[in-house]
Amino acid sequence: MDALGNLLLGFAVALTPVNLFWCLIGVVLGTVVGVLPGLGPAATIAMLLPLTLKMDPATAIIALAGIFYGARYGGSTTSILLNIPGESSSVVTCLDGYQLARQGRAGAALGISAIASFIAGTVGVLGLMLIAPPLARFALRFAPPEYFALMVLGLAMVVFLAGDSMVKALLAMLVGLWLATIGTDLFTAESRFTFGQVKLLGGVDFIAATVGIFAIGEVLVNLESRGGAEIFKLAKGLRNLLPTLQDLKDCRFAFVNGSVIGFLIGALPGAGATVASFLSYGIEKAFSRHPERFGAGAIEGVAAPEGANNADAGGALVPLLTLGIPGGNTTAILLGGLILWGYKPGPLLIQEHPQLFWGLVASMYIGNVLLLVLNLPLVPLFAQILRLPYYVLYPLIIGISIVGVYSVNASLFDVWMMGLFGLLGYLMRKAHFPTAALILGMVLGDGLERALRQSLMMSQGDITILATRPISGVLLLIAIAILCLPTIRKVRSWRVETIEREG
């Protein structure tokens with residue numbers, strides 16, 4: 001049976017009333033989970049998994065997958081409106097989304113986020129349907145040296161987050177890498193940089209750090225402004241609350257970039273949506289005709305990372321369903337669910353259980369349409385939040401931040417850490433250090449160290465293993481080329497100035 005016939009079989013499964021109902025419940029619940037910082041789809045799916053044991057397996061996987069990719073939609077809302085990343089993969093969205101909100105274009109940013117998510121999510125499902133088996137086999141060629149090179153390529157994106165000073169960006173990234181080393185060494189079981197704090201043995205909580213740096217730091221900076229009530233410009237009229245045709249035209253490459261990068265990175269076990277969103281943002285800025293707009297409110301700076309983190313959901317299901325390998329926490333819980341329901345994820349899953357696989361694929365098409373239909377009309381409503389006076393808005397931001405961070409581990413220590421990172425974010429803004437570079441180091445530091453040490457164990461200490469393997473060698477060369485870009489631009493600028501002076 002060809003792909004079209006399989007897809008029709010999938011729609012026959014997904015369009016039954018009960019499956020449609022649970023698909024709707026899943027995407028709505030996922031959107032709510034994505035809006036609230038801290039809870040996350042992994043914890044939600046883990047809590048709801050026992051309730052699905054009595055359900056039909058196809059219905060259960062449709063509902064849980066709806067939470068998974070629905071959360072990616074919701075994560076952008078608080079990032080754009082309040083500078084609070086609902087998900088770690090939404091951190092990059094804060095950079096331009098929040099600036100657009102301050103310029104009175106919150107509606108356009110939310111709208112383009114929903115459209116990018118829909119397009120990229122659909123592309124991710126198409127990829128899952130058409131090229132899942134060969135892509136999964138290619139992903140298996142990624143060993144620790146290849147992951148190390150991929151992490152280095154991700155760190156090279158600091159070039160595009162640097163702003164005015166490359167030195168400050170590198171320093172911020174190094175601090176982020178150091179923060180990622182705090183906690184227990186997984187190889188030796190020794191504690192590192194914990195300063196006698198037992199709570200730090202598990203490392204610095206990422207949500208506490210990002211919410212503190214972005215949300216609390218922003219509130220502290222704005223409190224200095226006497227005109228705090230006028231921080232947000234507000235658009236008038238419904239038409240101005242949605243993306244324009246020019247916005248869609250500007251984002252046409254961002255849609256493609258986010259979709260492709262998100263899907264490919266998602267198919268690599270362990271890479272994750274956060275890496276995909278940083279990479280797609282860096283690529284979009286590198287090829288933009290107006291790179292100076294990024295960080296100051298570029299609409300493409302919202303479309304690319306939001307597309308990437310939604311396409312990642314489709315990519316993440318590739319190794320899970322075709323090889324039985326989970327790529328992250330959420331897919332690991334979904335793997336547990338499949339085993340509990342009596343399935344054996346792997347190469348034979350599609351042939352032996354076509355109704356489950358193709359029913360899930362078809363439900364993701366339907367779920368993406370439902371998310372667009374549900375989210376786009378809500379854009380003007382969400383944008384009205386910015387009409388709140390600052391003496392209501394700021395306590396609201398702080399309240400949401402505290403509840404979100406506390407809900408992750410039920411830990412007051414994490415709330416204090418959030419406050420500490422808020423102060424750090426405030427000082428970085430005052431000293432013009434790019435906060436995103438620090439977050440980039442935190443995101444990639446753990447994976448970079450693990451991949452490096454595993455690579456050295458593989459080669460018995462021979463570091464050339466990182467550069468002599470084909471895939472890792474190519475990725476490292478691309479990273480070096482990206483890191484050389486600022487120097488090339490400076491040399492070119494000096495040459496132009498010299499020619500103009502001599503002329």
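Residues numbered from 1 in each chain as written. Predicted model: local features only at pLDDT ≥ 70, side-chain atom pairs only at ≥ 80, totals over all residues. Heavy atoms only, no water.

> Looking at this structure, I do not really get the nonpolar core. What am I missing?
One recurring pattern in soluble globular proteins: nonpolar side chains tend to sit buried together. Val204, Ile265, Leu279, Leu438 and Ile439 are the most contacted members of the largest nonpolar core, which totals 62 residues. Counting residues per element, this core draws most heavily on helix α21 (residues 435-458), at 9 residues. Formed by 44 residues, the second largest nonpolar core is a distinct cluster that contains Phe68, Leu320, Met364 and Leu371. (Core = buried A, V, L, I, M, F, W, Y, C linked by side-chain atoms within 4.5 Å. Buried < 20%, exposed > 50% of the residue type's maximum accessible area, 1.4 Å probe, protein only. Helix = DSSP H or I, 4+ residues; strand = E, 2+ residues; numbered from the N terminus.)

> Looking at this structure, I do not really get the packing of aromatic side chains. What am I missing?
Remark: the centre distance and the inter-plane angle together describe each pair of aromatic rings, the angle taken between the planes. Counted under the stated rule, the structure contains 6 aromatic pairs. Look at Phe21 and Trp22: their rings are 5.4 Å apart centre to centre, the planes differ by 80°, and that puts the pair in the edge-to-face class. Over the ring of Phe433 we find Lys168, and its NZ or CZ is 5.4 Å from the ring centre. (Phe/Tyr/Trp six-rings, centres within 6.5 Å; stacked < 30°, edge-to-face > 60°. Lys NZ or Arg CZ within 6 Å of the ring centre and 35° of its normal.)

> Where do I start with the side chain of Ser259 in this structure?
Assignment of secondary structure puts Ser259 in helix α12 (residues 252-266). A polar contact of 2.6 Å, which involves the side chain of Ser259, links it to the backbone oxygen of Phe255. Other than its neighbours up to four places away in sequence, Ser259 contacts Ile119, Ala120, Val123 and Ala311. (Polar contact = N/O pair within 3.5 Å; in protein donor to acceptor, adjacent residues only side chain to side chain. Contact = heavy atoms within 4.5 Å.)

> Could you clarify how one ought to interpret unusual backbone geometry in this entry?
Peptide bonds are mostly trans, and most non-glycine residues show a negative phi. At Phe193, a position not held by glycine, the phi torsion is positive, near 55°. Of note, Phe193 is situated in the loop between β2 (191-192) and α10 (206-223). A relative accessible area of 43% means that Phe193 is categorised as partly exposed. At Phe195, a residue that is not glycine, the phi angle is positive and equals roughly 55°. Tracing the chain through its elements places Phe195 in the loop between β2 and α10.

> Got a minute to help me understand α12 in this structure?
Residues spaced three or four apart along an α-helix face the same direction, because each turn holds 3.6 residues. With 15 residues, α12 extends 21 Å between its outermost C-alpha atoms, agreeing within 8% with the 21 Å of an ideal straight helix rising 1.5 Å per residue. All of the buried residues in α12 are Ala254, Phe255, Asn257, Gly258, Ser259, Ile261, Gly262, Phe263, Ile265 and Gly266. (Expected span 1.5 Å × (residues − 1).)

> In this structure, what is going on with the packing of helix α13 (residues 273-286) against α21? I would like to understand it.
If you want to describe how two helices pack, look at the angle between their axes and the distance between the axes. Between α13 and α21, the least distance of the axes is 10 Å, while the angle of their chain directions is 140°. In this view, α13 runs oblique relative to α21, as classed from their interaxial angle. The interaxial crossing formed by α13 with α21 has left-handed handedness. Residues Thr274, Val275 and Phe278 of α13 form the contact with α21, whose own contacting residues are Ala436, Ile439, Leu440, Val443 and Leu444. Considered class by class, the residues forming the contact of α13 with α21 number 7 nonpolar, 1 polar and no charged. (Axes fitted to C-alpha atoms, helices over the stretch in contact; angles between N-to-C directions. Parallel < 35°, antiparallel > 145°, perpendicular 65-115°, else oblique. Left-handed = near helix turned anticlockwise from the far one by under 90°. Nonpolar A, V, L, I, M, F, W, Y, C, P; charged D, E, K, R; others polar.)

> What should I look at first to understand helix α8 (residues 144-156) in this one?
Here α8 contains 13 residues, and its C-alpha end-to-end distance of 18 Å stays within 8% of the 18 Å for a straight helix at 1.5 Å per residue. Of all the 13 residues making up α8, 12 are buried; the element is thus mostly covered by neighbouring parts of the structure. Taken residue by residue, α8 has Pro144, Pro145, Glu146, Tyr147, Phe148, Ala149, Leu150, Met151, Leu153, Gly154, Leu155 and Ala156 as its buried positions. Packed against the buried residues of α8 are α9 (166-181), α12, α13, α21, α22 (465-468) and α23 (470-502).

> I keep staring at the packing of helix α5 (residues 91-102) against α10 and nothing clicks. Help me out?
Orientation of α5 relative to α10, taken along the N-to-C sense of each, is 20°, at an axis distance of 12 Å. Considering the angle they form, α5 stands roughly parallel to α10. Both α5 and α10 take part in a crossing whose hand is right-handed. For the pair formed by α5 and α10, the contact residues are Val91, Cys94, Leu95, Tyr98 and Arg102 on the first element and Phe206, Thr210, Phe214, Glu218 and Asn222 on the second. Split by residue class, the contact of α5 with α10 holds 6 nonpolar, 2 polar and 2 charged.

> Would you mind showing me how to read the pattern of salt bridges here?
A side chain of one charge can pair with a side chain of the opposite charge when the charged atoms of the two come close. Following the criterion strictly, the structure yields 7 salt bridges and no others. Asp185 serves as the salt-bridge partner of Arg192, at 3.6 Å between the closest nitrogen and oxygen. Given a relative accessible area of 8%, Asp185 falls into the buried group. A salt bridge links Arg450 to Asp446, with the shortest nitrogen-to-oxygen separation between them at 2.9 Å. Of this pair, Arg450 and Asp446 are both found in helix α21, 4 residues apart, which corresponds to roughly one turn of the helix. Looking at Arg450, the relative accessible area reads 34%, which means it is partly exposed. For Asp446, a relative accessible area of 35% translates into the label partly exposed. Connected through salt bridges with shared partners, the residues Asp185, Arg192, Glu449 and Arg453 form a single ionic network. (Salt bridge = Lys/Arg side-chain N within 4 Å of Asp/Glu carboxyl O.)

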